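# An overview of the molecular structure
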Amino acid sequence: MLSEFDLIKQFFQRDRRGRADLGIGDDCALLTPAPGRQLAISSDMLVEDRHFFAGADPFMLGHKSLAVNLSDLAAMGARPVGFTLALALPAADPAWLEGFSRGLFALADAHGCELVGGDTTKGPLNICITVFGELTPGHALRRDAARAGDDIWISGTLGDARLALAGYWKEVALAAHEHTQAAQRMHMPTPRVALGLALAAQPVAHAALDISDGLVGDLGHILAASRVGATLDVDALPAGPVLARQELQLRRRFTAAGGDDYELCFTAPVANREAVLEAGRISGTAVTRVGRIEAEPGLRMVDAQGAPLDLKLSGWDHFG
Ligand SMILES: Nc1ncnc2c1ncn2[C@@H]1O[C@H](COP(=O)(O)OP(=O)(O)OP(=O)(O)O)[C@@H](O)[C@H]1O
Ligand SMILES: Cc1ncc(C[n+]2csc(CCOP(=O)(O)O)c2C)c(N)n1
Ligand SMILES: [Mg+2]
């Protein structure tokens, strides 16, 4: 039987020296911030039966637990530095821990983000990560920084994760290979860290966030914080490759209000269009212009001809 401390030592404590002055093993980790840089901090929790199905693949769960957190750093334009991991586990299962830690560290190492501490307890499966990043003071891509006249942009594609969920829920009948492809987007999201860094560099963008609850809900946070409104061209939203083959109404619903996308939605002045495209190129991330920030409050959704669309969509709400 693995004890609590064996488990930490075997699966989470690593010998290599990292950025932290003191990592796993004491009451706190110690990190020295780089001189003149600002810390960006965010937490995200994944709960069984709410964020993932019971029996979920542990490698993909390790990846996703960190990916959704790195996505928040990306949305702020911060460079990942380190993270803590709080875990509740129903049992100390070595096979599960091996897969989980492999998925977690594969992504952590790809971003130079060090696991510096955490907490482990017995209980219903629950994974909570807190990430730490750094950025140049004044360059953070804040939700309150959108201005009337800005373009609205989206990274990558939207809706395939929601389509996969619809497949699991039997809302939509998908061929097995289509479901497998869409499910990859749901279980293994790609945090757009390089794009976030490129957008915060000049800075090129004004406001940004990552899309976790669905675009219309999340864009609403930018509009409220910035005290502006927007027109969104729903038919310009880039659908994931599997969703792109579905009918128009489903495409509209799942691109505009899917959830689990972990793409960036950001605003930038019209004068920076070429700079945004360049940020996309240097980060290897597709970027698509999908609307305009306006002084008039409210979100106006329109079709490709500019005609109003009344889609009655809202964002994911755990208590809604
Ligand atoms: N229990 C809490 N105590 C303090 N602040 C919280 C708590 N829960 C959320 N917040 C804060 O509320 C804001 C919105 O949280 P939320 O988790 O919805 O973030 P998000 O980035 O919109 O979504 P996601 O968590 O999917 O990335 C964040 O600033 C977050 O730090
Ligand atoms: C089993 C299962 N059911 C539903 C979903 C969809 N889902 C759950 S939480 C969430 C929003 C982001 O969460 P948060 O705001 O807590 O970060 C979404 C889109 C899923 N992934 N797995
Ligand atoms: Mg977020």
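Rules behind the numbers
Residues numbered from 1 in each chain as written. Chains lettered and ligands numbered in written order. Predicted model: local features only at pLDDT ≥ 70, side-chain atom pairs only at ≥ 80, totals over all residues. Heavy atoms only, no water. Pairing = 2+ DSSP bridges. Helix = DSSP H or I, 4+ residues; strand = E, 2+ residues; numbered from the N terminus. Axes fitted to C-alpha atoms, helices over the stretch in contact; angles between N-to-C directions. Contact = heavy atoms within 4.5 Å. UniProt positions renumbered as here; feature names shortened; annotations may be inferred. 1 Å grid on protein atoms, 1.4 Å probe; cavity = no way out; pocket = protein on both sides within 12 Å on 5 of 7 lines; lining within 4 Å. Salt bridge = Lys/Arg side-chain N within 4 Å of Asp/Glu carboxyl O. Donors = N, O, S within 2.8 Å, 3.2 Å for Na, K, Ca; no water. Buried < 20%, exposed > 50% of the residue type's maximum accessible area, 1.4 Å probe, protein only. Near = heavy atom within 4 Å. Polar contact = N/O pair within 3.5 Å; in protein donor to acceptor, adjacent residues only side chain to side chain. Areas by Shrake-Rupley, 256 points an atom, 1.4 Å probe, with all protein chains shown as cover. Sits in = over half its atoms within 2 Å of the grid points. Nonpolar A, V, L, I, M, F, W, Y, C, P; charged D, E, K, R; others polar. Domains from an automatic or database assignment.

Now for the sheet that holds strand β4 (residues 126–135). Strand order in the open sheet formed by four strands is β1-β4-β2-β3, with mixed pairing between adjacent strands. Two strands bound the open sheet, and with one partner strand each, they are β1 (38–47) and β3 (114–122). Pairwise comparison of adjacent strand axes, ignoring direction, gives a mean angle of 15° for this sheet. Both β1 and β4 contribute to a ladder of 10 bridges, which runs antiparallel. Residue pairing for β4: Q38 is matched across the bridge by L135. Helix-sheet contacts for helix α2 (residues 58–76) involve β1, β2 (79–89) and β4, and the interaxial angle to β4 is about 35°. Against the sheet, helix α3 (residues 94–110) makes contact with β2, β3 and β4, and its axis sits at roughly 165° relative to β2, the strand it touches most.

A few words on the UniProt feature "binding site: Mg(2+) 4" (unreviewed entry) in the protein chain. Per the UniProt record, "binding site: Mg(2+) 4" (unreviewed entry) is annotated on D27, S42 and D72. In sequence the annotated residues extend across 46 residues, and in space they extend as well, their farthest C-alpha pair lying 26.3 Å apart. Lining the largest pocket, from the residues named above, are S42 and D72. On the secondary structure map, S42 appears in strand β1. Sequence-distant contacts of S42, that is, excluding residues within four places in its chain, are made with N69, D72, I129, T130 and V131.

If you walk through the whole model with that rule in mind, you get 18 salt bridges. Its salt-bridge partner being R192, residue E263 comes within 2.8 Å of it at the nearest N-O pair. In this pair, E263 is assigned in the loop between α8 (248–256) and β8 (264–268) and R192 in the loop between α5 (176–187) and α6 (193–200), connecting sequence segments 71 residues apart. Each of R19, R37 and E134 takes part in salt bridges that share partners, so that together they form one network.

This paragraph deals with the coordination of the magnesium ion (ligand 3). The protein atoms donating to the magnesium ion (ligand 3) are D72 (OD) and D210 (OD), with metal-donor distances spanning 2.0 to 2.1 Å. Here D72, found in helix α2, pairs with D210, found in strand β6 (residues 208–210); they are 138 residues apart in sequence, far enough to count as distant. By the burial criterion, D72 is buried, and D210 matches it.

Read from one edge to the other, the open sheet built from six strands follows the order β6-β8-β5-β9-β7-β10, with strand pairing classed as mixed. A single partner strand is all that each edge strand has here, and the edge strands are β6 and β10 (298–302). Adjacent strand axes in the sheet meet at a mean angle of 25°, parallel and antiparallel pairs treated alike. Pairing geometry for strand β7 (residues 229–233) and strand β9 (residues 287–294), over four bridges, is antiparallel. By the bridge assignment, G229 is partnered in β9 with E294. Sheet strands touched by α2: β6 and β8. Its angle to β6, the strand with the most contacts, is close to 175°.

For the rest of this paragraph, the subject is the site of ligand 2. Near ligand 2, the surroundings consist of 14 residues, among which R50, H51, D213, D260 and H318 are the closest. The contact in question runs from an oxygen atom of ligand 2 to an N or O atom on the side chain of H51, over 2.9 Å. Between an oxygen atom of ligand 2 and a side-chain N or O atom of D213, the distance comes to 3.0 Å. When ligand 2 is considered free in solution it has 530 Å² of accessible area, and contact with the protein chains removes 90% of it. Placement of ligand 2 is best described as lying within the largest pocket. Within the shell around ligand 2, the residues separate by chemical class into six nonpolar, four polar and four charged. For the shell around ligand 2, the two domains that each supply at least three residues are domain 1 (4–135) and domain 2 (143–302).

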